[in-house]
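Analysis of the macromolecular model
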Amino acid sequence: MPMVKMVDDASASPAAKEVFDDIRQSRNTDYVNNIWRTLAVHPPMLKRFWNYMKEVMLKESRLDALTKEYIYLAVSMTNNCEYCIHSHIAAARKKGMDDEMLAELVEIVALANAGNRLTQGLQVEVDERFKPKFD
């Protein structure tokens, strides 16, 4: 159940409208996702998070767009964020992910979580060869 009312275009503040327009333009779409409409209840937060998202997810970098979606999706699965899981599966599918790739990703996330919990529970000491060495 939502904790705040989403902001529609008609009731959006000028600051929120500016971000909504940037979302549409940057993503080449007429759709503004629910996350942005919800964050718009506090336009400074909306603007900060959108700018952060653009900088990390939309800007060209050494990681390709699908890899970024996989990482975001893996973290969302681990944090059990239903909204983020759905939205980033949709984004990853647009970038080429199919059902088999999703299943493999889920298996890797499950393996990593299991390994992390075993390692944390047993307080396994980090191997010296894995520690960074700086000259």
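Residues numbered from 1 in each chain as written. Predicted model: local features only at pLDDT ≥ 70, side-chain atom pairs only at ≥ 80, totals over all residues. Heavy atoms only, no water.

1. Brief notes about helix α3 (residues 43-58)
- Considered for burial, the residues of α3 that qualify are Leu46, Trp50, Met53 and Met57. Axial view of α3: buried residues confined to an arc of 65°, hence all on one face. In α3, those exposed residues whose orientation departs by more than 90 degrees from the buried face are Arg48 and Tyr52.
- Turning to α3, the residues buried within the fold contact α1 (14-27), α2 (34-39), α4 (65-79) and α5 (82-94). (Buried < 20%, exposed > 50% of the residue type's maximum accessible area, 1.4 Å probe, protein only. Helix = DSSP H or I, 4+ residues; strand = E, 2+ residues; numbered from the N terminus. Arc of directions from axis to C-beta. Contact = heavy atoms within 4.5 Å.)

2. Details of the packing of α1 against α3
- Closest axis-to-axis distance for the α1/α3 pair is 9 Å, and the angle between their directions is 20°. Classified by the interaxial angle, the pair formed by α1 and α3 is roughly parallel. Considering the relative orientation of α1 and α3, their crossing is left-handed. Contact residues: Ala15, Ala16, Glu18, Val19, Phe20, Asp22, Ile23, Ser26 and Arg27 in α1; Pro43, Leu46, Lys47, Trp50, Lys54 and Leu58 in α3. (Axes fitted to C-alpha atoms, helices over the stretch in contact; angles between N-to-C directions. Parallel < 35°, antiparallel > 145°, perpendicular 65-115°, else oblique. Left-handed = near helix turned anticlockwise from the far one by under 90°.)

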